[in-house]
Amino acid sequence: MSFQGDSYDRALARAAEHARAWLDSVAERPVGPSATAAELLAGFSGPLPDGPTPPEDVVDLLAKLSAPGLMAIQSGRFFGWVMGGTLPAALAADWLVSAWDQNTGMRYATPATATAEEAAAGWLLDLLGLPPGADVGFVTGATMANFTCLGAARTAVLSQLGWDVARDGLAGAPKVRVLAGEERHDTVDLALRYLGLGSPALVAADEQGRIRVDALTESLNDVESGTPVVVCLQAGNVHSGAFDPLEAAIEVAHQHGAWVHVDGAFGLWAAAAPSFAHLLAGAAGADSWGTDAHKTLNVPYDCGIAIVADPVAMRSTFGAHASYLISDDPGPGDPLEKVPEFSRRARGVPVWAALRSLGRSGVAELVEGLAGHARAMAEGIARIDGARVVNDVVYTQVCVEFGDDARTRAVTARLIADGTVWMSGSRWRDRDVLRISVSNWSTDADDVRRSVDAVRRASADSSV
Ligand SMILES: *Cc1c(COP(=O)(O)O)cnc(C)c1O
């Protein structure tokens, strides 16, 4: 294969131009895409060309074909699902990660990116108030963070009963009992499914979606003694933003000898903001924590973080040479001992860049800003005739209903068609809701004002 020597120059220059044009456009373009996947298909597909195309032409073509189908997730008025934007330092670092092409599994082979990730891991544990000796793995998202942490949990609770799951597998093993709040995120179930642990037994939640400690206690009391138990808690409910009562739940779970995992995909970051850290009181007492960097921290996709307090549990699950009997000092370990992947990109480097760019106060301001804008949005929407905020707005999430399900769905559809904002329709506690997640660093007071106006316009139309 021979491309000319300056191919990188031309292709990268074109990519940078398209990237900047895209980023400049997100402030004013409609937030939603204007074409559907089906409409885009013809442009992207067709027969594979017989021969090569110059790289810069491929970049131009890709930008042109994609333009109508891009969602402006980086817009300050994108509030769909729970998705962050991209901090400038993190995006630029991500470009370098691709240019460097370091397969970040081993410290000796890729020392620069492995060390940057190690430093980022140390900063994270410090910012989030978690045990400094914990192992940190950079995975693709919170789903895989939950998977990784629960994999370590499976190893640990079975090993306490003398069962080596790495060597002997699950067939014939003592059955692991997994308890989770009824409003846990669906991906906890996925992680458990991948691990062969089946569906969790569900524990009742209160009206904000928080696990009820009395119900958890009852479920734990019902577990036959000697049964290996894992309890999955949640920091940040995708609808209400609510946090499980972590301190009390962890205490009762530990009294029963359970491993406690906390899914804090976007909520774990509250620990970095002094005025929200109380939501995570006691969280550091858990055994593992999963979070996302591509949500609250605003690094590019894909980046999640698996944190396990006991490096032995982590490395005997994911190290290629299983069943370590690491004693006092396991050392930093290689990146590939802390994630399911062997080969992977240096996805922790943009985390290093984001943290280095924000500093401690910047991370706190980021979290406080998101939550503050969520509160302002809820206050503005609550003043709209016929709109009702249905959750206690304690963090970054707001759920709204407009009288009845049909009307809520109609308002949501009009809002999305209007293009000023993107907010998702969802169903929570047996009703349709318009869900707003403030997760983008660039959202400002003007975005909030324009968004509340857009909701007012969509709800003023009384056709439904
Ligand atoms: C988003 C989310 C997940 C899944 O995270 P991905 O990054 O999409 O894999 C899990 N739990 C909670 C609470 C979430 O908000």
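Here the structure is a predicted model, which means the values were calculated and not measured.

Parameters at a glance
- Residues numbered from 1 in each chain as written.
- Predicted model: local features only at pLDDT ≥ 70, side-chain atom pairs only at ≥ 80, totals over all residues.
- Heavy atoms only, no water.
- Helix = DSSP H or I, 4+ residues; strand = E, 2+ residues; numbered from the N terminus.
- Rg over C-alpha atoms; globule rule 2.2 N^0.38 Å.
- Buried < 20%, exposed > 50% of the residue type's maximum accessible area, 1.4 Å probe, protein only.
- Contact = heavy atoms within 4.5 Å.
- Areas by Shrake-Rupley, 256 points an atom, 1.4 Å probe, with all protein chains shown as cover.
- Lys, Arg positive; Asp, Glu negative; His and termini not counted.
- Charge placed at Lys NZ, Arg CZ, Asp CG, Glu CD.
- Near = heavy atom within 4 Å.
- Polar contact = N/O pair within 3.5 Å; in protein donor to acceptor, adjacent residues only side chain to side chain.
- Nonpolar A, V, L, I, M, F, W, Y, C, P; charged D, E, K, R; others polar.
- 1 Å grid on protein atoms, 1.4 Å probe; cavity = no way out; pocket = protein on both sides within 12 Å on 5 of 7 lines; lining within 4 Å.
- Points joined across faces, edges and corners; volume = space filled by probe spheres on them.
- Salt bridge = Lys/Arg side-chain N within 4 Å of Asp/Glu carboxyl O.
- Pairing = 2+ DSSP bridges.
- Axes fitted to C-alpha atoms, helices over the stretch in contact; angles between N-to-C directions.
- Parallel < 35°, antiparallel > 145°, perpendicular 65-115°, else oblique.
- Left-handed = near helix turned anticlockwise from the far one by under 90°.

## A look at the overall build of the protein
Helix and strand content of the protein: 14 helices and 11 strands. What you see for the protein is a C-alpha radius of gyration of 23 Å, in line with the 23 Å of a compact globule of 464 residues. Expressed along its principal axes, the backbone C-alpha trace of the protein runs to roughly 65 × 60 × 45 Å. Relative to its 464 residues, the protein shows a buried fraction of 52%. At a minimum sequence separation of 6, the contacts of the protein that also span at least 24 residues come to 73%. Here the protein displays about 20400 Å² of accessible surface, and carbon together with sulfur accounts for 55% of that area. Treating the 37 positive side-chain charges of the protein as one cloud and the 57 negative ones as another, the clouds have centres 4 Å apart.

## Observations concerning the site of the ligand
Surveying the vicinity of the ligand reveals 13 residues, the closest of which are T143, D263, D292, H294 and K295. The side chain of D263 places a nitrogen or oxygen atom 2.7 Å from a nitrogen atom of the ligand. Contact distances for the ligand include 2.8 Å between an oxygen atom and a side-chain N or O atom of K295. About the coverage of the ligand: the protein hides 85% of its 390 Å² of free accessible area. Here the shell around the ligand is built from residues that sort into 4 nonpolar, 6 polar and 3 charged.

## Regarding the layout of surface pockets
Looking at the largest pocket, its volume works out to about 980 Å³. Considering the residues around the largest pocket, the lining is formed by 28 residues, among which A15, H18, A19, L62 and W95 are closest to the centre. Only α1 (7-25), α3 (55-66) and α4 (88-100) provide two or more residues apiece to the lining of the largest pocket. Class assignment for the residues of the lining of the largest pocket results in 20 nonpolar, 6 polar and 2 charged.

## Things to note about the environment of V452
The topology assignment puts V452 in helix α14 (residues 445-460). The exposure class of V452 is buried, given its relative accessible area of 8%. The contact partners of V452, leaving out residues within four places of it in the chain, are M377, G380, I381 and I384.

## Re the side chain of R344
As for its position among the elements, R344 is in the loop between α11 (311-318) and α12 (349-382). The class for R344 is buried, based on a relative accessible area of 8%.

## Some remarks on the pattern of salt bridges
All chains considered together, the criterion is met by 27 salt bridges. Among the salt bridges present, the one from R167 reaches D168, with a minimum N-O distance of 3.0 Å. Classification of R167 as exposed rests on a relative accessible area of 63%. Look at D168 and you get partly exposed, because its relative accessible area is 37%. Ionic contacts of the salt-bridge type, sharing partners, join the residues D405, R409, R427 and D432 into one network.

## Observations concerning the sheet that holds strand β9 (residues 397-401)
Read from one edge to the other, the open sheet built from 4 strands follows the order β8-β9-β11-β10, with strand pairing classed as antiparallel. Two strands lie at the open edges of the sheet, namely β8 (388-389) and β10 (424-428), each paired on one side alone. Pairing analysis gives 5 bridges linking β10 to strand β11 (residues 431-437), with the strands arranged antiparallel. Each bridged residue has a counterpart across the sheet, and for R427 the counterpart in β11 is D432. With respect to the sheet, α12 is in contact with β8, β9 and β11, its orientation differing from that of β9 by roughly 15 degrees. Running over the sheet, helix α13 (residues 405-418) touches β9, β10 and β11 and is turned about 35 degrees from β11.

## Section: the pairing of strand β6 (residues 288-292)
Most of β6 is tucked away: 5 of the 5 residues are buried. Relative to β6, strand β5 (residues 259-263) runs parallel, the two being bridged by 3 bridges. The residue bridging H261 from the neighbouring strand is S288, located in β6. By the bridge criterion, 5 bridges tie β6 to strand β7 (residues 304-308) in an arrangement that is antiparallel. If you follow G290 over to β7, its bridge partner there is A306.

## Regarding the packing of helix α2 (residues 37-44) against α3
Two elements in contact, α2 and α3, have axes separated by 10 Å at closest approach and are oriented at 155 degrees. Relative to α3, the element α2 lies roughly antiparallel. The interaxial crossing formed by α2 with α3 has right-handed handedness. Facing L40, G43 and F44 of α2, the residues of α3 in contact are L62, L65 and S66. Per-class residue counts for the contact of α2 with α3 are 4 nonpolar, 2 polar and no charged.

## Description of the sheet that holds strand β4 (residues 229-234)
Across the sheet, 7 strands lie side by side as β1-β7-β6-β5-β4-β2-β3; this open sheet has mixed pairing. The sheet is open, and its two borders are formed by β1 (135-139) and β3 (201-203), each paired with just one other strand. Direction aside, the axes of adjacent strands within the sheet are offset by 20 degrees on average. Bridge analysis of β4 against β5 gives 5 bridges, and the strand direction is parallel. Across the sheet, residue C232 finds its bridge partner in β5, namely H261.

## Things to note about the pairing of β10
Here β10 shows one buried face, formed by S424, S426 and W428, and one open face, formed by G425 and R427. Where β10 folds back on β11, the antiparallel hairpin that results is connected by 2 residues, among which R429 adopts a positive phi of roughly 50 degrees.

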